[in-house]
Amino acid sequence: MTRADLLALTPDALAALANRGLVKRATKDLDAGQGPEVDVDGDGAVHGVFPDGTRAALPPGAGLEAATCSCAATSLCRHRVCLVLAYQRTAATEPGTETGAEPAAAWSPGAFDDEALARVLGQRAVTAARRAFRAGYTARIHRPSGDDPVARVELPSCTVRFLVPDELGYVDTDAAAAVRGEVVVLAAWAFRAADEQGADGTDVRVEVGGGPGRAAGGGTGLEAALDLAGQVLVEGAAHAGPVLAAALRRTGADLAARDLHWPAAAVDELADRLDAHRERRADYAPERLAALLAELHARDRAASAPPGSGVPRSLVLGTDESADTPLRRVRLTALGCRVGGTAESRTADVYLAHADTVLVLRRHWAVPDGAPLTGADVAGRRVLGVSLRALAAANVVSESATRSASRVVRVSAGRVARTTVTPLGEAWASLPPALLVRDLEAHEREMDAWPPRLVRPRVEAETVRVVEIAEVRDIGYHPGAQRLEAVIADAAGATAVLSAEYAPHRPAALDVLAAALADGPRFVSGAVRRERGGLVVDPFAVLAAGGPVVPDLMPGDGTAVLAAPPAPAPDPLGAVLDTALAACAEIAHRGLRHLPPGLSDRVARAGDDLARAGLHAAAGTLARLAAALTGDDPRAAVRAWADACVRLTVTAELR
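Residues numbered from 1 in each chain as written. Predicted model: local features only at pLDDT ≥ 70, side-chain atom pairs only at ≥ 80, totals over all residues. Heavy atoms only, no water.

## Examining the overall build of the chain
Regarding its fold elements, the chain presents 20 helices and 27 strands. A compact globule built from 655 residues would reach a C-alpha radius of gyration of about 26 Å, and the chain, at 28 Å, matches this within 12%. With the C-alpha coordinates of the chain rotated into their principal frame, the extents come out at 90 × 60 × 50 Å. Sorting the 655 residues of the chain into buried and exposed places 52% on the buried side. The contacts of the chain with a sequence gap of at least 6 include a subset with a gap of at least 24, amounting to 65%. A total accessible area of about 28600 Å² is found for the chain, and carbon and sulfur atoms account for 52% of it. Measuring between centres, the 71 positive side-chain charges of the chain sit 4 Å from its 82 negative side-chain charges. (Helix = DSSP H or I, 4+ residues; strand = E, 2+ residues; numbered from the N terminus. Rg over C-alpha atoms; globule rule 2.2 N^0.38 Å. Buried < 20%, exposed > 50% of the residue type's maximum accessible area, 1.4 Å probe, protein only. Contact = heavy atoms within 4.5 Å. Areas by Shrake-Rupley, 256 points an atom, 1.4 Å probe, with all protein chains shown as cover. Lys, Arg positive; Asp, Glu negative; His and termini not counted. Charge placed at Lys NZ, Arg CZ, Asp CG, Glu CD.)

The following block contains the structure:
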């Protein structure tokens with residue numbers, strides 16, 4: 001009989017189940033005539049005897065993990081891989097037999113019932129998965145298509161790939177063996193939920209399991225946080241004392257304990273912004289304070305919506321955030337590094353591509369008294385056994401990595417020997433389509449389908465991509481804003497703006513970036529966002545003719561002479577939105593109780609400008625805010641401010 005499951009295994013699928021080195025070695029042995037004599041039993045079991053006497057067997061109804069071999073290997077070996085390849089070549093000579101996966105196979109892992117899942121993966125895995133199901137989780141499913149025939153699911157803490165249609169024995173996941181069965185069950189249930197909901201797109205996000213969309217008692221669980229946010233708005237950052245910041249931190253801890261992780265992170269950051277103002281830190285910005293207050297109101301409103309009417313509650317509140325998930329052997333591709341921090345500490349975030357996601361490896365260092373500690377200074381620090389400079393432009397293979405739902409990856413300190421770091425080479429060119437942007441207009445259309453930033457998961461690396469560059473135009477430096485900008489174009493001529501700002505802890509970054517952009521770059525990595533009606537890329541690294549360049553880690557004093565940019569195109573719509581948002585930020589900074597005379601008139605004028613620009617709904621929120629500022633009801637003023645700031649923020653993002 002013909003084993004359809006073995007015939008469907010492509011070289012890429014075999015490499016995922018084993019590793020690419022074993023596949024290459026097995027192929028080489030087979031081509032050299034060192035392959036096995038293949039025999040198939042009546043029940044479908046495939047046996048192979050190699051010239052050196054080694055015997056391997058592939059039992060029916062099971063995956064490669066159930067294969068046996070008489071060699072000394074304790075895990076999947078080249079003999080078992082070679083037997084698969086030999087069987088495929090033998091079967092290919094039979095009339096009517098085709099090897100390889102069918103393009104765009106019309107199947108769904110949701111077709112597996114719980115009995116089949118328990119039979120293959122074990123009842124314990126199904127029981128463990130039910131606990132996560134009762135809590136509820138969000139998954140992103142990718143149905144098979146002509147371009148990508150593998151069905152896969154992105155869970156909060158790992159990715160699951162169903163390599164062979166209608167077979168549970170050939171599933172690849174980056175989760176460790178201890179939780180493999182559980183995450184495969186969760187992935188199958190995610191497809192089942194999508195099938196039941198009629199979500200038939202090739203790339204859709206679904207909410208699975210969980211209870212009703214409200215917290216116990218009919219609310220969202222954010223009531224205490226909103227009350228404190230209202231106090232911040234009434235008093236203003238300029239008048240809020242340390243007691244209010246401490247109360248915010250206690251509330252943030254309580255939210256995290258109840259698995260409301262995204263609001264908890266927003267509350268913690270809000271407390272940090274109040275501390276930054278009180279300590280006169282340079283990283284305080286009223287605009288960021290206002291955005292955090294608006295975010296809490298937006299998440300509460302989105303979570304209050306009836307189920308199915310908007311963004312899933314678990315996505316808005318982060319209730320599907322799980323504990324750290326240990327990963328089995330993974331290959332990571334570095335996408336550069338961002339150096340940041342304050343006067344007291346320095347941080348380095350190394351961005352690492354893993355399957356269809358980007359993970360962040362984070363390191364912190366204290367800044368010694370009297371020392372600047374720039375990116376060039378930390379570039380030589382050892383991370384995973386190599387310098388940070390080398391790691392930020394490398395391929396990493398690790399067997400000791402742990403990934404969190406927020407996409408932060410850690411490597412166990414005592415197991416660094418099981419992690420290898422090699423040069424980047426051409427790895428960016430082979431990144432999956434989800435991470436490699438070759439068509440800027442198509443990527444912008446994809447971003448149009450995303451929920452607003454105010455209610456998306458708080459994952460910094462969510463927007464990190466590698467963009468292929470066909471042409472660089474109009475490189476220039478804005479001295480007032482201390483910002484370098486360039487226009488980059490794809491092969492079709494669509495453009496995006498590459499924008500990088502100066503920071504004292506990376507003084508040479510703009511000089512190095514300008515030189516790399518003038519060197520005929522092929523790719524740039526960075527965070528991609530929508531702004532002023534187009535795409536803007538905040539760059540982390542550039543792959544130029546001379547190899548990868550990570551500007552934040554390069555030495556220099558930032559004294560190079562940079563050319564002036566061309567005059568910017570007029571943007572009246574952006575200007576009126578900026579003016580309105582600045583007024584909201586000033587209210588949050590000063591406080592409703594301490595507003596200077598004339599601010600309500602300024603808000604009203606901003607509303608009139610929005611109306612003249614055609615943004616009538618946004619203008620209406622500002623008119624109501626201006627009226628509330630002259631009243632004597634602080635709660636009504638808080639609601640009016642939230643209405644205005646949420647709408648303006650979303651309008652500016654989605655315009």
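Still more ground to cover, so stick around.
## Re helix α15 (residues 440-448)
Because an α-helix packs 3.6 residues into every turn, residues spaced three or four apart end up facing the same way. Here α15 has its buried residues at L440, H443 and M447. One face of α15 carries all of its buried residues, which in axial projection span an arc of 60°. Considering only its buried residues, α15 is in contact with β20 (436-437), β21 (464-468), β23 (483-489), β24 (495-501), β25 (523-531) and β26 (534-544). You can read the cap of α15 off the contacts: a side-chain oxygen lies 3.1 Å from the backbone nitrogen of E441, and it is on D439. (Arc of directions from axis to C-beta. Polar contact = N/O pair within 3.5 Å; in protein donor to acceptor, adjacent residues only side chain to side chain.)

## Section: the environment of A118
When you line up the elements, A118 lands in helix α5 (residues 114-121). For A118, a relative accessible area of 16% translates into the label buried. Linking A118 and V185, residues 67 residues apart in sequence, is a C-alpha distance of 8.8 Å. Excluding its chain neighbours within four sequence positions, the residues that come into contact with A118 are Q123 and V126.

## Some points on the environment of L14
Residue position: L14 is located in helix α2 (residues 11-17). Judged by its relative accessible area of 0%, L14 is buried. In this structure the C-alpha to C-alpha distance between L14 and T402, which are 388 residues apart in sequence, comes to 24 Å. Beyond its immediate sequence surroundings of up to four residues, L14 is in contact with L9, N19, V23, L64, V81, V84 and L85.

## Brief notes about the packing of helix α8 (residues 223-235) against helix α11 (residues 286-304)
Relative to each other, α8 and α11 sit at 150°, their axes nearing to 10 Å. Between α8 and α11, the angle is such that the two are roughly antiparallel. As for the relative orientation of α8 and α11, their crossing is left-handed in sense. On the side of α8, the interface is formed by L226, A229, V232 and L233, while α11 contributes L293, L296, H297 and D300. Split by residue class, the contact of α8 with α11 holds six nonpolar, one polar and one charged. (Axes fitted to C-alpha atoms, helices over the stretch in contact; angles between N-to-C directions. Parallel < 35°, antiparallel > 145°, perpendicular 65-115°, else oblique. Left-handed = near helix turned anticlockwise from the far one by under 90°. Nonpolar A, V, L, I, M, F, W, Y, C, P; charged D, E, K, R; others polar.)

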